[in-house]
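A look at the structure
Listed below are the residues making up each chain.
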Amino acid sequence: MAQLIAIEGIDGSGKGTQAALLRDRFAADGKKVALLSFPRYEHTFFGKRIGEFLNGRFGGLDEIHPFLVSLLYAGDRLESRETLLNSLDAHEIVILDRYVASNIAHQCAKLPADEQRELQSWIEEIEYGRHQLPRPDVTLLFDLPAESAQRLIALKSQRSYTDRKADLQEADAEYLERVRSVYLRLASQNPDWRKIEIEQAGNLRKMGEISEEVALCWASP
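Definitions and limits used
Residues numbered from 1 in each chain as written. Predicted model: local features only at pLDDT ≥ 70, side-chain atom pairs only at ≥ 80, totals over all residues. Heavy atoms only, no water. Phe/Tyr/Trp six-rings, centres within 6.5 Å; stacked < 30°, edge-to-face > 60°. Helix = DSSP H or I, 4+ residues; strand = E, 2+ residues; numbered from the N terminus. Buried < 20%, exposed > 50% of the residue type's maximum accessible area, 1.4 Å probe, protein only. Axes fitted to C-alpha atoms, helices over the stretch in contact; angles between N-to-C directions. Parallel < 35°, antiparallel > 145°, perpendicular 65-115°, else oblique. Left-handed = near helix turned anticlockwise from the far one by under 90°. Contact = heavy atoms within 4.5 Å. Nonpolar A, V, L, I, M, F, W, Y, C, P; charged D, E, K, R; others polar. Core = buried A, V, L, I, M, F, W, Y, C linked by side-chain atoms within 4.5 Å.

**Notes on the packing of aromatic side chains**
Applying the stated criterion to the full structure yields 5 aromatic pairs. Seen in terms of ring centroids, Phe 67 and Trp 122 are 5.1 Å apart; in terms of plane orientation they differ by 70 degrees. Their pairing is edge-to-face. A residue pair is termed long-range when its members are at least 10 positions apart, and Phe 67 in helix α3 (residues 66-79) and Trp 122 in helix α6 (residues 113-130) qualify at 55 residues. The partly exposed category is assigned to Phe 67, whose relative accessible area is 23%. Relative to Trp 193, the ring of Tyr 183 has its centre 6.5 Å away and its plane inclined at 50 degrees; by these criteria the two rings are tilted. Taken as a pair, Tyr 183 in helix α8 (residues 173-189) and Trp 193 in strand β5 (residues 193-197) lie far apart in primary sequence, 10 residues in all.

**Overview of the packing of α3 against α6**
Think of two packed helices as two axes; the pair is described by the angle between the axes and how far apart they sit. As a packed pair, α3 and α6 sit with axes 10 Å apart at the nearest point and diverge in direction by 25 degrees. In terms of orientation, α3 lies roughly parallel with respect to α6. For the element pair α3 and α6, the recorded crossing hand is right-handed. Here α3 contributes Pro 66, Phe 67, Ser 70, Leu 71, Ala 74 and Arg 77 to the contact with α6, which in turn contributes Leu 119, Trp 122, Ile 123, Ile 126 and Glu 127. Residue composition of the contact of α3 with α6, by class: 8 nonpolar, 1 polar and 2 charged.

**A few points about helix α2 (residues 45-54)**
Those residues of α2 that fall on the buried side of the exposure criterion are Gly 47, Ile 50, Gly 51, Glu 52, Phe 53 and Leu 54. Buried residues along α2 sit against α3. Positive phi shows up at Gly 56, right after α2, with a value of about 90 degrees.

**What about the nonpolar core?**
In this structure, Ile 95 and Tyr 99 are the most contacted members of the largest nonpolar core, which totals 60 residues. Broken down by element, this core gets its largest block of residues, 7 residues, from α8. In contact with Tyr 99, other than residues within four places in its own chain, are Leu 4, Ala 6, Glu 8, Phe 38, Arg 77, Leu 84, Tyr 128, Leu 133, Pro 134 and Pro 136.

**Quick word on the packing of α3 against helix α5 (residues 100-108)**
One way to put it is that α3 packs onto α5 with a least axis distance of 10 Å and a crossing angle of 165 degrees. By the angle between their directions, the pair α3 and α5 is classed as roughly antiparallel. Crossing of α3 over α5 shows right-handed handedness. Contacts between α3 and α5 pair Pro 66, Val 69, Ser 70, Tyr 73, Ala 74 and Arg 77 from the former with Val 100, Asn 103 and Gln 107 from the latter. Tallied by class, the residues present in the contact of α3 with α5 amount to 5 nonpolar, 3 polar and 1 charged.

And the structure:
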């Protein structure tokens, strides 16, 4: 079965761009590689509902308990499970732009610190336990302060799931910073995580420099 690489980070941290660059690098090296991005807004029933949630159809971020929101994201991956497993069977490497850790970080960020561990355990039980999704071999965390991320979000082109410049999550800098904090906690507790600094001394790093570090992280997990 293929090696599974998950790329995580708050909105605007460059996950999609770097995931595509990593895919292209592996392909140029002759590897059979696939790239999947979550949520799969246009491909699954739950993915479409996630798009509606992010557009505000079901209320604000603080109006729905995060456990219930986590079921949307888990449902999207459950619908995509066969696609993911087939990709793992057919390729040497599968790269994921967001995965289970994204669900944990975004939903736990909505709760006080003393309630986060329980929700994390529920999400892991659903996604890895009940839905039997494979665990990543390596998770790369793209770390970027929320203020910088929002500047990059403003430069994004139109997305398929929203007609807004920024969805509910992207528009809330305080929320994004809490998500970042959860990600950093996860990275500090898991030896198979690697943190990539997207900004140094207040300046964004060059795309190619980040890409080189990403390649080195995977080469030496």
